[in-house]
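# Structural characterization, general
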Amino acid sequence: MGNSVLDFHRIQRLPPYVFEQVNRLKASARAGGADIIDLGMGNPDLPTPQSIVDKLCEVVQDPRTHRYSSSKGIPGLRRAQAAYYARRFGVKLNPDTQVVATLGSKEGFANMAQAITAPGDVILCPNPTYPIHAFGFLMAGGVIRSMSVEPDESFFPPLERAVRHSIPKPLALILNCPSNPTALVATLDFYKDVVAFAKKHDIIVLSDLAYSEIYFDGAPPPSVLEVPGAMDVTVEFTSMSKTFSMPGWRMGFAVGNERLIAALTRVKSYLDYGAFTPIQVAATHALNGDGSDIAEVRNVYKRRRDVMVESFGKAGFDVPPPAATMFAWAKIPEKFRHLGSLEFSKLLVEKADVAVAPGIGFGEMGDDYVRLALVENEHRIRQAARNIKRWLSGDEKFEINVMNQ
């Protein structure tokens with residue numbers, strides 16, 4: 001046997017997990033007594049609403065719920081997700097054939113890749129984007145062709161070139177709006193153009209809509225499935241992690257085209273028995289609620305966003321206000337941009353006790369940026385800004401040190 005985990009074929013296909021370097025530095029600083037304000041991982045700090053927790057506690061008392069569950073999701077949960085899509089998007093789904101529960105949108109994406117990818121298949125993927133969008137297909141033997149992330153007319157010329165020049169023709173196109181990490185939001189007109197393109201070239205559309213409910217300044221983000229005919233070519237992934245502050249519960253969904261949902265369901269049936277039944281019942285309760293839980297989560301993130309934009313701006317670190325998601329996507333201050341996002345992120349931990357996610361972790365096109373997660377309270381966000389201001393205003397010595405290295 002080889003000497004390293006890296007000897008294995010599928011592991012070799014994965015790029016280095018750059019977040020791990022920042023995590024190690026963060027752990028080391030904390031071990032040394034530093035109070036690190038962690039804006040790195042998108043790990044919601046808000047508690048799951050009490051009524052959802054209460055429902056879990058009630059159902060878990062019934063020993064019948066302790067047995068194997070249903071891999072595709074219990075019927076009531078799939079009906080609740082279909083009802084949510086009807087209310088929120090006006091999209092009609094058959095809960096038996098067009099909805100499958102997943103262990104979060106991440107697992108759904110990874111298993112969809114396993115279900116549809118043959119070795120060498122070309123996948124059109126935004127860059128930068130959430131890592132599983134590319135990694136899931138790389139592990140399944142696919143080839144990633146990077147695309148623009150701007151959900152506007154500039155998105156389409158590179159797509160046309162990709163279709164002309166890719167052999168084999170691309171199998172699937174990945175969408176992620178509202179986007180992690182860039183926070184860009186798509187319009188329904190953009191989705192109409194995407195569906196027309198996909199149908200013209202016989203390409204599958206895989207849409208990650210995990211942040212559909214975390215929006216701030218206007219109309220709720222649409223679903224691509226609102227476009228007439230989108231169901232012919234599309235599967236969309238959603239998650240309860242951010243919407244209901246349920247990240248550790250691992251509950252999400254894939255919905256859309258029956259043939260693709262059947263393929264995902266088949267793969268999942270070999271790999272898991274579904275989430276613990278009491279979690280599925282509690283998730284059903286959440287989806288059937290009146291929406292007040294979601295509104296409160298949205299308001300908390302909006303207040304944090306506004307505090308971050310204001311306080312970081314005053315500190316000399318310009319953060320554009322995101323229209324959606326629980327993230328801000330900010331360009332590295334110009335004097336540090338030459339370092340790249342990984343080195344800048346390490347510096348923030350060392351010099352300002354603030355952890356962020358380096359943009360390079362989301363693709364090479366993200367290397368001028370860092371992602372800031374709204375996962376600390378307003379007081380801590382202001383403290384992070386003060387720390388950064390103190391560092392930036394006293395960094396002449398640092399710059400000389402860099403030049404002398």
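With an unreviewed UniProt entry as reference, the protein chain is termed Aminotransferase, source organism Rhizobium sophoriradicis. Among the UniProt annotations of the protein chain, the heading Sequence similarities (unreviewed entry) holds the following wording: "Belongs to the class-I pyridoxal-phosphate-dependent aminotransferase family."

Here the focus is the pattern of salt bridges. Close approach of charged atoms lets side chains of opposite charge pair. Throughout the structure, instances matching the rule amount to 21 salt bridges. Its salt-bridge partner being R304, residue D45 comes within 2.8 Å of it at the nearest N-O pair. Of this pair, D45 sits in the loop between β1 (37-38) and α3 (50-60) while R304 sits in helix α11 (residues 292-314), and the two are 259 residues apart along the sequence. Assessed through its relative accessible area of 37%, D45 is described here as partly exposed. Between R305 and D217 there is a salt bridge; the shortest N-O distance is 2.7 Å.

Taken in spatial order, the 7 strands make up an open sheet running β2-β8-β7-β6-β5-β3-β4, and their pairing is mixed. With partners counted over all chains shown, the strands left at the sheet margins are β2 (99-102) and β4 (143-147), one partner each. Direction aside, neighbouring strands of the sheet carry axes that sit 20° apart on average. The pairing of strand β5 (residues 172-176) with strand β6 (residues 204-208) spans 5 bridges and is parallel. Bridged to L175 within β6 is S207. The sheet strands contacting helix α7 (residues 156-165) are β3 (122-126), β4 and β5, and the helix crosses β4 at an angle near 150°. Docked against the sheet, helix α9 (residues 258-271) engages β2, β6, β7 (234-239) and β8 (252-256), running at close to 35° with respect to β2.

With that settled, the discussion passes to unusual backbone geometry. Of the consecutive residues I167 and P168, the connecting peptide bond is found in the cis state with omega at 0°. Each neighbour pair has its own omega, and for C177 with P178 the value is -10°, a cis peptide bond. With respect to the helices and strands, P178 occurs in the loop between β5 and α8 (188-201). In this model, S245 sits at a positive phi of 50°, which is unusual for a non-glycine residue. Its place among the elements puts S245 in the loop between β7 and β8. In this structure S245 comes out as buried when scored by relative accessible area, which is 2%.

Further remarks concern the layout of surface pockets. Taken as a whole, the largest pocket spans an internal volume of roughly 660 Å³. Around the largest pocket sit 34 residues that line it, and M41, G42, K106, Y130 and R371 are the ones nearest its centre. Elements that contribute at least two residues to the lining of the largest pocket include exactly α2 (19-31), α5 (104-116), α6 (131-139) and β11 (357-358). With 4 residues, α2 is the single largest residue contributor to the lining of the largest pocket. A breakdown of the residues in the lining of the largest pocket according to their chemical character gives 16 nonpolar, 11 polar and 7 charged. Counting contributing residues, the lining of the largest pocket receives three or more from each of domain 1 (10-39 + 293-392) and domain 2 (62-288). The calculated volume of the second largest pocket comes to roughly 330 Å³. Along the wall of the second largest pocket there are 21 residues; nearest its centre are P15, F135, F362, G363 and E364. Mapped onto the lining of the second largest pocket, the elements with two or more residues apiece are β3, α6 and β4.

Calculation notes
Residues numbered from 1 in each chain as written. Predicted model: local features only at pLDDT ≥ 70, side-chain atom pairs only at ≥ 80, totals over all residues. Heavy atoms only, no water. UniProt positions renumbered as here; feature names shortened; annotations may be inferred. Salt bridge = Lys/Arg side-chain N within 4 Å of Asp/Glu carboxyl O. Helix = DSSP H or I, 4+ residues; strand = E, 2+ residues; numbered from the N terminus. Buried < 20%, exposed > 50% of the residue type's maximum accessible area, 1.4 Å probe, protein only. Pairing = 2+ DSSP bridges. Axes fitted to C-alpha atoms, helices over the stretch in contact; angles between N-to-C directions. Contact = heavy atoms within 4.5 Å. 1 Å grid on protein atoms, 1.4 Å probe; cavity = no way out; pocket = protein on both sides within 12 Å on 5 of 7 lines; lining within 4 Å. Points joined across faces, edges and corners; volume = space filled by probe spheres on them. Nonpolar A, V, L, I, M, F, W, Y, C, P; charged D, E, K, R; others polar. Domains from an automatic or database assignment.

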